[in-house]
Amino acid sequence: VMEWRALDLGASPLSTPSDHTERLTEVVSQLLPVLLRTLDALDQVQRHTHPNRFAQLGETLEQFRPDMAAMAASFEKEQWPSELEGFQALLGQATREIHASLERCALAHTSRDPFIDWMRGMRGRSVAMEALYPLAAAFSPVSRFFLESSRRTDDALLGRIEAGMRAVAGADDAPVIGMMNANNSRKERGGFSLYVPEYYTPGEAWPLVVALHGGSGHGADFLWTWLREARSRGFILLSPTARDGTWSLMGEDIDAGPIHQMVEYVCEHWNVDRERVLLTGMSDGGTYTTLLGLAEGSPFTALAALCGVFHPMNQLNGNMARVPGRKVYLLHGALDWMFPAETALAAYDQLLAAGADVTYREVPDLSHTYPRDENDAILRWFDPSLAQ
């Protein structure tokens, strides 16, 4: 876990003179390092999720609970001036979500449905990150947190991000940048979340990554599995939400049309390189990646399916005729308890025999969870220009 030290807040919302400024500055300077350190820990624990390890992983997180509880209590008791209510709301939401995530994950192994409780606990991370992200514009350490760990000390990159935000501030004709949701609150289905790098300029064509969540997931949550890479390396990121509880893997396909429309919307409003459009997904999202990506009229130039299966409908709907030459990346965990790795190997054999340009990677210590540490390899495979 990266060592987040006490923060020099510098120019921030707390620079506004008030009777409470000194005390509030002290509270926030102590709270933010604890938040960021705990989020880093939750990320690492999530990577090793397995039902047989919930008790062990929960114990690992226990060391973060006392500091997080103390910081949450300290933050909640403070009185905030009206001009800082928006800042207070965002930081307060992030604090409560992270605190609740620790508690849910620590106790998941004792519940009636450990897997569901664990996933609910982990989902709190993305809600917390969504609340924290707007604070990146005010606090350099928060901005650094939303970069890949290897780029957090990259002052030149941070400078590009800050310069991009300054360039659009107050400019009527400036492109829309940053993180946004379109009909995609967590109570809605069928919308999308989108991230456009703060240093986006329309004078060049940008790669697009379309990332599909797993079953019962949500695009507003899955966006964060790719945001650090998008922000660090420079590509547009689109994270749709299935119209139903998962993607159209049975019956009528109600998701293909909306996803195509989302891609077209992004291409119309930002300068997308249509020769560099990656479709990727996890679990049911991985299964739907090949089903949608091989369909007629697919706008995707590369497909990366993680921890999913090769849908049998591909053999019946004409998709196999579009396989030759298609660039496909299959990634699976050797410890996957939901879809055994043999299913991915079978998909690899089918795609290879049909003429796909297919890569298969099996990760020895991965179960059925998202491996953010594999994003680098996927991006290098997809577009060498996105290599670090």
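In case you missed it, the structure is sitting above this.
In this report, we go over the structure that sits alongside the text. On a predicted model such as this, the values are computed, not experimentally measured, just so you know.

Of all hydrophobic cores here, the largest spans 68 residues; its most connected members are Leu 91, Leu 132, Phe 146 and Leu 237. In terms of residues, this core owes the most to one element, helix H1 (residues 21-47), which gives 12 residues. Setting aside residues up to four positions removed in sequence, Leu 132 forms contacts with Leu 32, Leu 35, Leu 36, Leu 39, Leu 91, Ala 94, Val 142 and Phe 146.

With respect to the helices and strands, the residue Arg 186 is situated in the loop between strand S1 (178-182) and strand S2 (192-196). Note on Arg 186: relative accessible area 31%, which makes it partly exposed. On a C-alpha basis, the gap between Arg 186 and Val 127 in space is 9.4 Å, while along the polypeptide they are 59 residues apart. Within the local environment of Arg 186, its side chain forms a polar contact with the side chain of Glu 130, the two groups lying 3.1 Å apart. Reaching out from Arg 186, the side chain makes a polar contact with the backbone oxygen of Ala 220 at a distance of 3.4 Å.

This part is about unusual backbone geometry. The backbone of Asn 183 sits at a positive phi, close to 50°, despite the residue not being glycine. Take Asn 183: it is sitting in the loop between S1 and S2. For Ser 283, which is not a glycine, the phi torsion comes out positive at approximately 60°. Within the secondary structure layout, Ser 283 lies in the loop between strand S5 (272-282) and helix H11 (284-293). A relative accessible area of 6% places Ser 283 in the buried class.

Now for the state of the cysteines. Taken as a whole and assessed by the stated rule, the structure comprises 0 disulfides. The cysteine Cys 105 is free of any disulfide, with Cys 307 supplying the nearest cysteine sulfur at 19 Å. According to the relative accessible area criterion, Cys 105 is buried, its value standing at 0%.

Our focus in this paragraph is the side chain of Ser 29. Looking at the element boundaries, Ser 29 is found in helix H1. A polar atom in the side chain of Ser 29 sits 2.9 Å from the backbone oxygen of Glu 26.

In this section: the sheet that holds strand S7 (residues 327-333). The mixed open sheet is built from 8 strands, whose spatial order is S1-S2-S4-S3-S5-S6-S7-S8. At either margin of the open sheet sits one strand with a lone partner, and together these are S1 and strand S8 (357-363). With strand direction ignored, the average angle separating the axes of adjacent strands in the sheet is 15°. Summarising the sheet, S7 and S8 pair through 7 bridges and their orientation is parallel. Paired with Leu 330 across the bridge in S8 is Tyr 360. Sheet contacts for H11: strand S3 (206-212), S5 and strand S6 (302-306); angle to S5, the most-contacted strand, approximately 140°.

Our focus in this paragraph is the environment of Ala 211. Position of Ala 211 among the secondary structure elements: in strand S3. Along the backbone, Ala 211 and Ala 94 are 117 residues apart, and their C-alpha atoms lie at a distance of 24 Å.

Glancing now at the pattern of salt bridges. Scanning all chains against the criterion turns up 23 salt bridges. Between Arg 123 and Asp 221 there is a salt bridge; the shortest N-O distance is 3.4 Å. Residue Arg 123 is found in helix H5 (residues 114-132), and its partner Asp 221 is found in helix H8 (residues 219-222); the two are separated by 98 residues along the sequence. The class of Arg 123 is partly exposed, set by a relative accessible area of 38%. A salt bridge links Arg 276 to Asp 383; the shortest N-O distance between them is 2.6 Å. Separated by 107 residues along the polypeptide, Arg 276 in strand S5 and Asp 383 in the segment after helix H13 (375-382) bring together distant segments of the chain. As far as burial versus exposure is concerned, Arg 276 and Asp 383 are alike and both buried. A network of salt bridges, in which partner residues are shared, links Arg 123, Glu 130, Arg 186 and Asp 221.

When you line up the elements, His 50 lands in the loop between H1 and helix H2 (54-62). Placed 317 residues apart in sequence, His 50 and Ser 367 show a C-alpha to C-alpha distance of 6.2 Å. For His 50, the residues in contact, after removing those within four places along its chain, are Leu 57, Leu 335, Trp 337 and Ser 367.

This brings us to the packing of aromatic side chains. Applying the stated criterion to the full structure yields 19 aromatic pairs. When the ring of Tyr 133 is compared with that of Phe 146, the centres are 5.0 Å apart and the planes differ by 75°; the resulting orientation is edge-to-face. Taken together, the positions of Tyr 133 in the loop between H5 and helix H6 (140-145) and Phe 146 in the loop between H6 and helix H7 (155-168) put the pair 13 residues apart, joining distant regions of the chain. We classify Phe 146 as buried; its relative accessible area is 0%. Through successive ring pairs, a cluster of aromatic residues spans Tyr 133, Phe 145, Phe 146, Tyr 195 and Trp 224. In this structure, Arg 160 packs its charged tip against the face of Tyr 199, placed 4.1 Å from the ring centre.

Thresholds, definitions, all that
Residues numbered from 1 in each chain as written. Predicted model: local features only at pLDDT ≥ 70, side-chain atom pairs only at ≥ 80, totals over all residues. Heavy atoms only, no water. Core = buried A, V, L, I, M, F, W, Y, C linked by side-chain atoms within 4.5 Å. Buried < 20%, exposed > 50% of the residue type's maximum accessible area, 1.4 Å probe, protein only. Helix = DSSP H or I, 4+ residues; strand = E, 2+ residues; numbered from the N terminus. Contact = heavy atoms within 4.5 Å. Polar contact = N/O pair within 3.5 Å; in protein donor to acceptor, adjacent residues only side chain to side chain. Disulfide = S-S within 2.5 Å. Pairing = 2+ DSSP bridges. Axes fitted to C-alpha atoms, helices over the stretch in contact; angles between N-to-C directions. Salt bridge = Lys/Arg side-chain N within 4 Å of Asp/Glu carboxyl O. Phe/Tyr/Trp six-rings, centres within 6.5 Å; stacked < 30°, edge-to-face > 60°. Lys NZ or Arg CZ within 6 Å of the ring centre and 35° of its normal.

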